[in-house]
Every structure is written in structure tokens, then in C-alpha cells.
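A structural walkthrough
Spelled out from the first residue to the last, the chains are:
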Amino acid sequence: MCYAIPGKIIAIEGRRVTLEYFGEKREAIHELPALALGDYVYAQGGWVIDRIDPAEAASILEFWREQFFQLQATDLRLSRLSSEKSEIDRHVAVVFDRAIEELPLRDEELLTLLELKSGHELDYLYKVANFLRYKHQGNSCCIHGIIEFSSHCSGSCLYCGISTWNRELPRYRLTREEILEAVREAVEIWGFKALVLQSGEDPDRPIDELAAIITEIRARWPLLIFISCGEVGIPGLQRLFNAGARGLLMRFETSNPELYARIRPGRILENRMEQLRAARDMGYLLITGGLIGIPGQTSRDLLNDILLARSLRPDMYSFGPLIPHPATPLAKAVSPSSAEVRKVLAVCRIADPRESRLVVTTAFETLDETAREQGLTSGANSVMMNVTPDAVRPSYELYPDRAHARESISGQIDVTLNLLGRLGRAPTDLGTRDSRILGSSVPESSTNGIPDQ
Ligand code: SAH
């Protein structure tokens, strides 16, 4: 089973390459020695994962060819934008026109979109976002796997079910061998090319131990590894980059500093932002965003969340609903509606139509069974699959009844590929922000004097 379409290298400029598959051209960053024009590679998240033997690439491309053009035709049909705007307020229609023409929208115009209420206007908003996604990013949909390797956390975030507030939760910490086995299964059996390694802020798993595990993973499998372990500090980020991590999934949760300090006791927004910026400068691919529906959050806050995320030039945006956990101080909070979440996704796509991927979060999928379809037709083009070992997955209880907590990996894959097929999306992913320059070319090199192992 494979979740990526091989691309042929048609241009190389330092670490930047242009790839082509079925007439689609995409940019990516590579770290492979002696990569040459005409080579076939897999790329995910705008990052070249591995070279593939030309004969193998040819047979995989052959397998995809007919399907790919069929998918593309389906996506084109579903992404057409009608000019029917009769039930849309004139002022709102002007904002839509500007969005479609890709004139830069003023903050107040984006806010107008975030505050839309009428069904017709909302439907049109989603369509505009979907149209822009199609126009700039085509039908590729990126699929990352996530392994939740520890539920221990020293943080006291008011919303989070694995925080110190939850005294009842049985905690687990996967051993090095268990993590390697989960990665092996995800890569060798299921064909994942990009994995997120996520955990709470676990004080009993030293950063060096995690770094050693990442180095071992990189040595054994061609893989894009995202870390998502909260605030590990700038030296910690560098340590993990040197070990071979190339992506960071870290949301800033909210752009409102007072709200941030309230829901994350003992923390300040500026520290998290400093780490996000440092990670970007080190060369990490960033996935970032925030929570929708924090008590006291306004639509202006949500707009600022989108703008703050955009200022980081992320490779992927991640915005999802807050789902109250009964063991936390926010137990009585009310989740936002699906329409609220969808609106944020659509406005995010309209605010940044060209480059970044946008993920449908598991929290949105937990809120609404049809979230994936809703998200993917409102500007999103990425999904995550949970590949945490079955035995511990339900204990990673960020919020109750998490989607996919009890589904087999093969079941998740079937459902996902089915949906992507219906929507005309190809499970491939190429392309990156054009301004990115990797800080370090080989996993072992160190740029800040931290000794390598
Ligand atoms: N400790 C790491 C990652 C684990 S939490 C970190 O701090 O980044 C991963 C994400 O889950 C958080 O960024 C948060 O946005 C989300 N999350 C936590 N509790 C949640 C809840 N109750 N509802 C929805 N999302 C939640």
C-alpha cells in the first residue's frame, strides 16, 4: 500500500528541487546525496523522503495513471464555483469577489467572513475556499500518521485531558522498542512517509533519549518525522533537529496573550512563539494553529489566530475545536458548532490560498462524523491517521471519545481512501513554501555547539 505518487526530478537548485508527476509540478527540499535530474523520488510535506528505483517508480506511476486523471476530473467538477450569489448580501458579495480574484483582503473583510451566519453565505464561503485550494494546490491530499508515545505531562493546561488535572487517567510511556515497532509497522506495513511523534511534556523522558530514538528511526527508514512534545526549549529543538526530526507540530493555541496565560497557567505566549520562530529558522517544517471555542475567545481573536499562524509561514495550518474534558477546569465549556470550525478553516484558506496545507483535525472529526468531508471541501487538504498502538491509544485522552481511538489502522486507511476517491483527491503530497532554506543538511551536523551523539 502506498500513499505517495513518485515524482521525477526536473530541476535542481541547491537543496530545492522541482518534481513532476502526471504533468503536475511541485517544489520540495532535499537532503539526499548526489540527487540527479531524472531521478524518481517520494516527497511528503514538501520534503524529499527517498529515491526510488526507476523501474519501481514506473510501475507505481502506471498503477496510478488512470486513477489520477479520474480523481482530478472529479475534483474539478466538485470545485467549480457558480456565479449564483442572489441570496448573498451585497457587501459580503464584494468580499467574496475580492477573495476569488485574490486581491489582498483587509482584516475587517476577513472578519466579515468569520462572522457570517446565513446558510447561503456560509455555503458560498466554503466553496470559495475549496475553489482556491483546487486552483493553487490541486487535488493532492497529504496523509500523516501520528504516534502518541507518552501520555505523561507536567503541564496544567485548563483544556487538556492529559494535563495534571486528570488524576484518574492511566498513564503510559512507550519504550524505545515499542516506538520503533510502531514506526516499523506504519512504514513497512502501511506505507506511511511522514509521521508525527506526539506526547505530553514528559519530564521523565530526557531529550537525549528521544533524540537517540529519532536518529535510529532515520537510520532505519526513509521518513519525514514531525515532533510534537510541547515546549522542549530552543536547545532541545536543535538537539532533535540534529537527530533527524524535520517537522514541528506545535500550536500556539491562542494569539490572545491574556487568554493564553489563563488557559495555560505558568506559561506565556511569547515563549511558545519564540520556540516556533526558532524552529522555523532552524529549518523545521511547521504545523501550527490554535483552538477554536476557548471560553472568552472572540471572532477578532480567531482572526488574529489565523494572522499569527500565517506570519509563521507554516507548511500546514492546524485549527480544531476545543472539546471539553470532564476532568479539567474547562469541563463545562461548550464546543463550537461544526459551522464555526468550518468557517475558520475556510477563512484560513482564503487568507493564505497558495502555499500551505490545511489539516482536518481529529478534534473536528470527534465533533462531527462528517468533519473530513466538510473540512476537505472548505479549503483543507490534509488528514491525520492514528497509528498509536491499539493497547494505549484510548488512554491518550486529550478529550473524551476521540475519533479513531478504537479503529484499526487498516480500517482508517479504507475509510480515508474511500472518501478521498469520492472527493477526487489523490493521496500524495508535494510542494513547499518557496522561501524555506534548511539550516542544516545532515542529521549529525550541529549549528549551535550542542554535542551530537
Ligand atoms: N504537549 C504537546 C502536544 C500534545 S497536545 C503540546 O503542547 O503541543 C496536542 C494538542 O491537542 C494541543 O496543541 C491542543 O491544541 C489539543 N488539545 C488538547 N486538549 C484538547 C481538548 N480538550 N480539545 C481539543 N483539543 C485539545
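In this text, all values refer to a predicted model and were calculated from it rather than measured experimentally.

About the cut-offs
- Residues numbered from 1 in each chain as written.
- Predicted model: local features only at pLDDT ≥ 70, side-chain atom pairs only at ≥ 80, totals over all residues.
- Heavy atoms only, no water.
- Helix = DSSP H or I, 4+ residues; strand = E, 2+ residues; numbered from the N terminus.
- Expected span 1.5 Å × (residues − 1).
- Buried < 20%, exposed > 50% of the residue type's maximum accessible area, 1.4 Å probe, protein only.
- Arc of directions from axis to C-beta.
- Contact = heavy atoms within 4.5 Å.
- Bend = angle between axes of the 7 residues up to and from the residue.
- Near = heavy atom within 4 Å.
- Polar contact = N/O pair within 3.5 Å; in protein donor to acceptor, adjacent residues only side chain to side chain.
- Nonpolar A, V, L, I, M, F, W, Y, C, P; charged D, E, K, R; others polar.
- Pairing = 2+ DSSP bridges.
- pLDDT = per-residue confidence, 0-100.
- Phe/Tyr/Trp six-rings, centres within 6.5 Å; stacked < 30°, edge-to-face > 60°.
- Lys NZ or Arg CZ within 6 Å of the ring centre and 35° of its normal.
- Disulfide = S-S within 2.5 Å.

1. Considering helix α5 (residues 176-189)
One full turn of an α-helix is made of 3.6 residues, so residues set three or four places apart face in the same direction. Relative to the 20 Å expected for 14 residues at 1.5 Å per residue, α5 spans 19 Å between its end C-alpha atoms, a close match to the ideal helical length. Residues of α5 that are buried include every one of I179, L180, A182, V183, A186 and V187, and no others. Viewed end-on, α5 has its buried residues packed into an arc of 160°, placing them on one side of the element. Close packing links the buried residues of α5 with β6 (142-150), β7 (194-199) and α6 (207-220). Of the residues one or two after α5, G191 is the one with positive phi, at around 80°.

2. Looking at helix α1 (residues 54-79)
If you look at α1, its biggest bend is around 40°, right at R65. Restricting attention to buried positions, one finds in α1 the residues A57, I60, L61, W64, F68, L71, T74, D75 and S79. The elements touched by buried residues of α1 are β2 (16-21), β3 (24-29), β4 (40-44), β5 (47-52), α4 (119-137) and α14 (409-423).

3. Things to note about the site of the ligand
What surrounds the ligand is a group of 18 residues, the closest being Y159, R251, E253, R272 and I323. Between Y159 and the ligand, the recorded distance is 2.8 Å, taken from a backbone N or O atom to a nitrogen atom. Within the contact set of the ligand, an oxygen atom lies 2.6 Å away from a side-chain nitrogen or oxygen of E253. The residue makeup of the shell around the ligand, split by class, is 10 nonpolar, 5 polar and 3 charged.

4. Re the sheet that holds β6
Whether parallel or antiparallel, the strands of a sheet pair through hydrogen bonds between backbone atoms. Spatially, the 8 strands close up into a barrel ordered β6-β7-β8-β9-β10-β12-β14-β15, and their pairing is parallel. Pairing of strand β12 (residues 316-317) with strand β14 (residues 357-360), which is carried by 2 bridges, proceeds in the parallel orientation. Residue pairing for β14: M316 is matched across the bridge by R357.

5. Brief notes about the confidence of the model for the protein chain
Looking at the protein chain as a whole, the pLDDT averages 91, with 94% of positions reaching at least 70. Segment residues 430-453 is flagged for pLDDT under 50; beyond a separation of four residues in sequence, or across chains, it makes 89 contacts in the model.

6. Considering the packing of aromatic side chains
Taken as a whole and judged by the stated rule, the model has 8 aromatic pairs. Each ring, one from F68 and one from F69, has its centre 5.6 Å from the other, and the planes form 85°; the classification is edge-to-face. The buried category is assigned to F68, whose relative accessible area is 0%. Ring pairs connect the aromatic residues Y21, F22, F68 and F69, which therefore count as one cluster. A cation over an aromatic ring shows up here: R246 above the ring of F241, its NZ or CZ 3.8 Å from the ring centre.

7. Comments concerning the environment of L197
Position of L197 among the secondary structure elements: in strand β7. A relative accessible area of 2% means that L197 is categorised as buried. Separated by 49 residues in sequence, L197 and E148 place their C-alpha atoms 6.1 Å apart. Leaving out residues up to four positions away in the same chain, L197 has contacts with I147, F149, I214, I217, I225, F226, I227, S228 and C229.

8. What to know about the state of the cysteines
Counted by the stated rule, this structure contains 0 disulfides. Summary of cysteine pairing: C153 is not part of a disulfide, and the nearest cysteine sulfur, belonging to C160, is at 6.3 Å. Its sulfur unpaired, C229 is 11 Å from the next cysteine sulfur, which belongs to C153. A relative accessible area of 7% places C229 in the buried class.

9. Here's the deal with unusual backbone geometry
The phi dihedral of R313 is positive, around 50°, even though this residue is not glycine. The topology assignment puts R313 in the loop between α10 (299-311) and β12. The phi torsion at H404 lies on the positive side, around 70°, for a residue other than glycine.

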